[in-house]
Amino acid sequence: MSKVYFKNDRLKYGFLWMLILVGASWLALTFVSDWLAIILIIFAGLSLYTGIWGKNDDSKSSSGMACPKCKIFHSHQNLNIDKNSEVYAYGEDCFRTRESDGLNIYSFLCFRCNKVTEYASDPFNQSGHAVGGLEYFDSKKITKKDYKNAYDYAKKNNHLLALNKLKKIKI
Ligand SMILES: [Zn+2]
């Protein structure tokens, strides 16, 4: 998973490198030469470009799921019943469908940060932002409604570990 970034990470690093390179360019302009400053400014622009419009190469990463904030990956196998899993995918019954293209968007809960993240299946990285075969969307703090959806799903499927972890969450 080493070279794959979540979309937000790529943006963050893109901006960071842009700032570093702009700083270096200013130093080069002051102390070294104009042409070095120009080269550095070009690289600064490329960093920003990659941050905003770049795509992940997701072809080599193993498929699985992780909270974009906590980044603890778990394969899809036993995801919801393994005690080492930090995420719980409960959206089988309560997904939403994006109007523009009919994409089904599901939700999972991270037990580590108590955030709910939306995701969609993207095994061939058509979005360009896939990580481990999934495209991730926004994360938000768990609401009562999310909690109920997760709890009902765990109860229905007899996911006892998840139920115990859910009971510890205070909203
Ligand atoms: Zn998390």
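From a predicted model like this one, the values you see are computed outputs, not experimental measurements.

Attention shifts here to the overall build of the protein. A tally of helices and strands in the protein yields four helices and five strands. When the helices and strands of the protein are placed in sequence order, the string is α-α-β-β-β-β-β-α-α. A compact globule built from 171 residues should have a C-alpha radius of gyration of about 16 Å, whereas the protein, at 20 Å, is more than 25% larger. Dimensions along the principal axes, computed over C-alpha positions, put the protein at roughly 70 × 35 × 30 Å. For the protein, the residues scored as buried account for 25% of the 171 residues in total. In the protein, once contacts between residues fewer than 6 apart in sequence are set aside, the share between residues at least 24 apart is 51%.

Packed helix pairs are characterised by how far apart their axes lie and by the angle those axes make with each other. One way to put it is that helix H1 (residues 7-31) packs onto helix H2 (residues 34-53) with a least axis distance of 8 Å and a crossing angle of 170°. Considered as vectors, H1 and H2 are oriented roughly antiparallel to each other. When the residues that make up the contact of H1 with H2 are grouped by side-chain class, the tally is 18 nonpolar, five polar and two charged.

For the rest of this paragraph, the subject is H2. Helix length check: H2 (20 residues) gives 28 Å between terminal C-alpha atoms against 28 Å at 1.5 Å per residue, within 8%. Listed in full, the buried residues belonging to H2 are Leu-40, Ser-47 and Gly-51. Taken around the axis of H2, the buried residues stretch over an arc of 30°, which confines them to a single face. Summarising the geometry of H2, the exposed residues directed more than 90 degrees from the buried face are Asp-34, Trp-35, Ile-38, Ile-42, Tyr-49, Ile-52 and Trp-53. On its buried face, H2 is in contact with H1.

Turning to the domain arrangement of the protein, a few remarks are in order. Frequently, the measure chosen for interface size is the accessible area removed from exposure when the parts meet. Parsing the protein into structural domains produces domain 1 (7-53) and domain 2 (87-167). Using only C-alpha atoms to locate each centre, domain 1 and domain 2 end up separated by 36 Å.

Further remarks concern the packing of helix H3 (residues 144-156) against helix H4 (residues 160-167). Remark: H3 packs on H4, axes separated minimally by 8 Å, with the N-to-C direction vectors making an angle of 150°. With respect to each other, H3 and H4 are oriented roughly antiparallel. Seen along the crossing, H3 lies across H4 with a hand that is left-handed. For the pair H3 and H4, contact is made by Ala-150, Tyr-151, Ala-154 and Lys-155 and by Ala-162, Leu-163 and Leu-166, respectively. Each residue belonging to the contact of H3 with H4 can be placed in one class, and the counts come to six nonpolar, no polar and one charged.

With respect to the helices and strands, Thr-143 occurs in the loop between strand S5 (134-141) and H3. Judged by local crowding, Thr-143 falls into the exposed class, with 11 C-beta atoms found within 10 Å. Residues Thr-143 and Asn-114, spaced 29 residues apart in sequence, show a C-alpha to C-alpha distance of 9.7 Å.

The rules behind each value
- Residues numbered from 1 in each chain as written.
- Predicted model: local features only at pLDDT ≥ 70, side-chain atom pairs only at ≥ 80, totals over all residues.
- Helix = DSSP H or I, 4+ residues; strand = E, 2+ residues; numbered from the N terminus.
- Rg over C-alpha atoms; globule rule 2.2 N^0.38 Å.
- Buried ≥ 20, exposed ≤ 12 C-beta atoms within 10 Å, placed from the backbone.
- Contact = placed C-beta atoms within 7 Å.
- Axes fitted to C-alpha atoms, helices over the stretch in contact; angles between N-to-C directions.
- Parallel < 35°, antiparallel > 145°, perpendicular 65-115°, else oblique.
- Nonpolar A, V, L, I, M, F, W, Y, C, P; charged D, E, K, R; others polar.
- Expected span 1.5 Å × (residues − 1).
- Arc of directions from axis to C-beta.
- Domains from an automatic or database assignment.
- Left-handed = near helix turned anticlockwise from the far one by under 90°.

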